[in-house]
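Structural characterization, general
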Amino acid sequence: MAQAATSTESLKRVNKSLTATRGSFQRSINIPVLLSAIALIAYGAVVIWTASLTIADASFSRHLLGIGLGAILGIICWKFDFRGFANLSTALLVLDIAIIFSPYIPGLSYNAMGMTGWIQIPFIGLTFQPVELAKILTVFIISALGAQYNGQIDSVREYVKLCGMLAVPFGCILLAGDLGSGLVVFFSGAVVIMMSGPKKEWVLSTIAILIGLVALLLAADSVVDSIFGRDMLLKQYQMNRLLVFIDPTADTSGAGYNLMQSLIAVGSGGFFGKGIGAASQAGEGFLPEAHTDFVFALLSEEFGFAGALILLALFAVLIFSTIRVAYRTDSLFLKLAAVGIVGIWLFQILENIGMCIGLMPITGIPLPFISFGSSSMLMQMANVGIVQSIWRTRSKAA
């Protein structure tokens, strides 16, 4: 009997220890965010592997390298306490601007496909797109400033000041020639501002002003170009993309070619897709950038409507789980930062998928966790690490 009692006590101690360990793990790791991110990364790896079967530039080993480095960066971000960033808005803004213009620093600049938005990291030879880092830095900056108002902005002057601070990195990215990334920064920053507590009429007035400015820009573009004799406001390829968005059949062999091929790829996938390696649009070279900008079209052609639904479901779990993290966090700064990360993911998902099916203008915005590209993968996994850090330090006592 004594031996049986001793065994029972030992089992209780083991169960208590396992329960404590499991509870500690759940307190430091948000499981839905982690599992959805891992599932998306794995799904993306399968898509890039299938792309590598027929597309020479889709290096699967390089994609795996990006995942490996991203995992290390994500773990570092998870262990880091970002609450100290709430008092560093000025320093972060200076760093943000420096990072945006770093590709123009002699010795760092790297030319990729005719664009100078990359840097080559000294000594190791790897390339990186700094604007990916600028996206999350801008979220931290606006979150730090927005948190100062404790959820209620009472003055129009303070609201305009906050919008003006967002305009600084947004304008710098536009000057650097990356409209797509600029829109990501603008959208995610605007989401943070709206969650900082401005009055509804201020937000609606801002939206109306922005719509008016965009209309004025489009109307004045040709006039200004004719005066100066060159593209001053919008580049010709950007204007062509807008025209094709309005009428996809306007130039099917020129500016509208990518969109038409993307629509064919998505439609030809049917419900269950053509199967791995059977994407004729991408495999036979009809769809340009099938492993990067138009990776959703490639995915839809191979895995069909069912595969696209699985992708959207995984994104939904990731986004709603991150919103839950924001809701459970005590720090207003961390709440806003989590919401800003949701803004980054949401805009890129809507824009990338939308442009592949003709619902959004074509831009060079990657699909998070899916598109080929180490810079994007590094920062998306870093964002997951930041969300996990927010979850780990969600309590003031943490």
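Residues numbered from 1 in each chain as written. Predicted model: local features only at pLDDT ≥ 70, side-chain atom pairs only at ≥ 80, totals over all residues. Heavy atoms only, no water.

**Focus on a nonpolar patch on the surface**
Together, Leu65, Leu69, Ile72, Ile76, Ile121 and Leu126 make up an exposed nonpolar region whose accessible area comes to about 490 Å². Residue position: Ile72 is located in helix H3 (residues 60–79). (Patch = residues over 30% accessible without salt bridge, like charges linked within 9 Å, V, L, I, M, F, W, Y side chains within 5 Å. Areas by Shrake-Rupley, 256 points an atom, 1.4 Å probe, with all protein chains shown as cover. Salt bridge = Lys/Arg side-chain N within 4 Å of Asp/Glu carboxyl O. Helix = DSSP H or I, 4+ residues; strand = E, 2+ residues; numbered from the N terminus.)

**Examining unusual backbone geometry**
The backbone of Glu289 shows a phi angle near 50°, a positive value even though the residue is not glycine. Residue placement: Glu289 occurs in the loop between helix H11 (280–283) and helix H12 (295–327).

**Describing the packing of aromatic side chains**
Where two aromatic rings form a pair, the distance of their centres and the angle of their planes describe that pair. This model, assessed by the stated rule, comprises 13 aromatic pairs. Relative to Phe82, the ring of Phe80 has its centre 4.9 Å away and its plane inclined at 70°; by these criteria the two rings are edge-to-face. Judged by its relative accessible area of 38%, Phe80 is partly exposed. Look at Phe271 and Phe272: their rings are 4.7 Å apart centre to centre, the planes differ by 75°, and that puts the pair in the edge-to-face class. On the basis of relative accessible area, Phe271 is assigned to the partly exposed category, the value being 45%. Classification of Phe272 by relative accessible area gives exposed; the value is 65%. Cation over ring: Lys79 sits above Trp78, and NZ or CZ is 4.9 Å from the ring centre. (Phe/Tyr/Trp six-rings, centres within 6.5 Å; stacked < 30°, edge-to-face > 60°. Buried < 20%, exposed > 50% of the residue type's maximum accessible area, 1.4 Å probe, protein only. Lys NZ or Arg CZ within 6 Å of the ring centre and 35° of its normal.)

**So, the nonpolar core**
Of all hydrophobic cores here, the largest spans 98 residues; its most connected members are Phe140, Leu311, Phe315, Trp345, Leu367, Phe369 and Ile386. Tallying contributions element by element places helix H13 (residues 332–356) first for this core, with 15 residues. (Core = buried A, V, L, I, M, F, W, Y, C linked by side-chain atoms within 4.5 Å.)

**Looking at the packing of helix H2 (residues 31–52) against helix H14 (residues 374–392)**
Running from N to C, H2 and H14 cross one another at 170°; their axes reach a closest spacing of 10 Å. One element, H2, and the other, H14, form an angle in the roughly antiparallel class. Residue-level contacts link Val33, Leu34, Ala37 and Ile41 of H2 to Met377, Met381, Val384, Val387 and Gln388 of H14. Class assignment for the residues of the contact of H2 with H14 results in eight nonpolar, one polar and no charged. (Axes fitted to C-alpha atoms, helices over the stretch in contact; angles between N-to-C directions. Parallel < 35°, antiparallel > 145°, perpendicular 65-115°, else oblique. Contact = heavy atoms within 4.5 Å. Nonpolar A, V, L, I, M, F, W, Y, C, P; charged D, E, K, R; others polar.)

**Let's talk about the environment of Gly277**
By the element assignment, Gly277 lies in the loop between helix H10 (257–268) and H11. A C-alpha to C-alpha distance of 7.2 Å links Gly277 and Glu302, two positions 25 residues apart in sequence. The residues touching Gly277, leaving out its near neighbours within four places in the chain, are Thr50, Leu53, Thr54 and Glu302.

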